[in-house]
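Spelled out, the chains give:
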Amino acid sequence: MTAQTAQTGAATSRRRADSARRREGRAAWILAVPFCLLFLAFTAWPVIQSLFMSFTDTKARDLRNPFNVNVIGFDNFAKALSDPLFRTAAGNTAYFVLVGMPLTLVVALAAAVALDKGITRFRAIFRLGFYMPVITSIVAVAVVWRFLLQNPGGLLNTVLGWVGIDGPNWLGDPHWSMPSLILMASWRNFGTAMIIFLAGLQAVPAELHEAAAIDGASAWKRFRHVTMPLLRPTLLFVMVTTAIGYLQFFEEPFVMTKGGPLNSTVSLSMYTYQQFGFGNYGLASAMSYLIFVVIAIVTAIQFRVLRERS
């Protein structure tokens, strides 16, 4: 009788637990329904529509009769890839990423190391100062950098003139316009990477550094053989997020140079935006998905190179 009672009690407990889990599941779905509806309406559906649009000849005039467009297959993708200005924008974007991303990461890591070990006084003020450009409006940043880089009369060229150097037209010369934007973007964005690197550095056990120092390892060797291997997941995250952001860079040339001079600063995102403005919605959608494919490929390469090896 006692065993039967125990079995009955256990079965009752299981039923109550199952009932409680079902109630929790229903409550979770009820709470998730508003988000799911908003996601489907304002994210998933537009993405599906834009993908379909990339295979059509949709233009601005077709918005009144969206069902009268023609499906043209991969013609928009072929047209984008054969467009000389699109290839120029792709080259500019690659230049921006290949130079700007390493510069940003090096400056961010150096600042993080300084805040973690070197700077002991007013550390919070330095953190705030380094991070402030990230949350500053691009318009405000553009006004300041235009004042610094304008020619003639810019602050930078004025200072160079004091030492007998005739500074270039930073934003008006095709050879200097992209380096100027890279410098501005690195200054504006390194604060985010610095904060993440700083968190990663503070997670490295101090005992490992102490043991390496006892074994005679110099500061550089400790950084190279102790800190950097443990910082690999942080480095991967920072590289992926920075590369994704820089592959889509738009604000810097749009605000500072309008893509000039001579299309030397037009980016893929900016050229895609211009095609939307021209009413070439199908072509612009195809360009957007080409950018997405490039981002996916670059991200996959970074994961393969920097993933932790077990």
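Refer to the structure above for everything that follows.
These remarks concern the structure in this document.

Parameters and conventions
Residues numbered from 1 in each chain as written. Predicted model: local features only at pLDDT ≥ 70, side-chain atom pairs only at ≥ 80, totals over all residues. Heavy atoms only, no water. Helix = DSSP H or I, 4+ residues; strand = E, 2+ residues; numbered from the N terminus. Rg over C-alpha atoms; globule rule 2.2 N^0.38 Å. Buried < 20%, exposed > 50% of the residue type's maximum accessible area, 1.4 Å probe, protein only. Contact = heavy atoms within 4.5 Å. Salt bridge = Lys/Arg side-chain N within 4 Å of Asp/Glu carboxyl O. Core = buried A, V, L, I, M, F, W, Y, C linked by side-chain atoms within 4.5 Å. Patch = residues over 30% accessible without salt bridge, like charges linked within 9 Å, V, L, I, M, F, W, Y side chains within 5 Å. Areas by Shrake-Rupley, 256 points an atom, 1.4 Å probe, with all protein chains shown as cover. Phe/Tyr/Trp six-rings, centres within 6.5 Å; stacked < 30°, edge-to-face > 60°. Lys NZ or Arg CZ within 6 Å of the ring centre and 35° of its normal.

The next thing to look at is the overall build of the chain. Broken down by element type, the chain carries 13 helices and zero strands. Tracing the chain from N to C terminus, the helices and strands come up as α-α-α-α-α-α-α-α-α-α-α-α-α. Its C-alpha radius of gyration of 27 Å places the chain more than 25% over the 19 Å reference for a compact globule of 310 residues. With the C-alpha coordinates aligned to their principal axes, the bounding extent of the chain is approximately 105 × 75 × 35 Å. Put simply, the chain has 310 residues, and 34% of those count as buried. For the chain, contacts bridging at least 24 residues in sequence account for 68% of all contacts bridging at least 6.

The next thing to look at is the pattern of salt bridges. Taken as a whole and assessed by the stated rule, the structure comprises one salt bridge. Between Glu 251 and Arg 188 there is a salt bridge whose closest N-O contact spans 3.5 Å. A residue pair is termed long-range when its members are at least 10 positions apart, and Glu 251 in helix α11 (residues 251-256) and Arg 188 in helix α7 (residues 174-202) qualify at 63 residues. When its relative accessible area of 37% is taken as the criterion, Glu 251 is described as partly exposed.

On to the nonpolar core, then. The biggest cluster of nonpolar side chains holds 44 residues, and the ones touching the most others in it are Phe 96, Leu 105, Met 194 and Phe 197. Every residue in contact with Phe 197, bar those within four places of it in the chain, is listed here: Leu 105, Ala 108, Leu 109, Ala 112, Leu 231, Thr 234, Leu 235 and Val 238. Residues Ile 138, Ala 142, Met 184 and Met 256 belong to the second largest nonpolar core, which totals 10 residues.

Turning our eyes to something else, we now look at a nonpolar patch on the surface. Taken together, Phe 147, Leu 155, Val 159, Trp 162, Val 163 and Ile 165 make up a surface patch of nonpolar side chains, about 640 Å² in accessible area. Ranked by residues supplied to the nonpolar patch, first place goes to helix α6 (residues 155-162) with three residues.

Our next topic: helix α12 (residues 268-277). Since one α-helical turn is 3.6 residues long, residues separated by three or four positions face the same way. For α12, every residue scored as buried is listed here: Leu 268, Ser 269, Met 270, Tyr 271, Thr 272 and Gln 275. Where α12 ends, the next residue or the one after it, Gly 279, has phi of about 90 degrees, a positive value.

Once that is clear, we can look at the packing of aromatic side chains. Tallying each qualifying case throughout the model produces 15 aromatic pairs. A ring pair is formed by Phe 55 and Phe 74, whose centres lie 5.2 Å apart and whose planes are at 90 degrees; its orientation type is edge-to-face. Of this pair, Phe 55 sits in the loop between α1 (2-53) and α2 (75-82) while Phe 74 is found in the loop between α1 and α2, placing the two residues 19 residues apart along the sequence. For Phe 55, a relative accessible area of 23% translates into the label partly exposed. Owing to a relative accessible area of 60%, Phe 74 belongs among the exposed residues under this scheme. A ring pair is formed by Phe 254 and Tyr 273, whose centres lie 5.5 Å apart and whose planes are at 80 degrees; its orientation type is edge-to-face. With Phe 254 in helix α11 and Tyr 273 in helix α12, the pair connects residues that are 19 residues apart, well separated along the chain. Note on Phe 254: relative accessible area 28%, which makes it partly exposed. Following the ring pairs from residue to residue traces out a cluster consisting of Phe 55, Phe 74 and Phe 77. Lying across the ring of Phe 254, Lys 258 places its NZ or CZ 4.5 Å from the centre.

On their own, these measurements won't tell you what the molecule is for.
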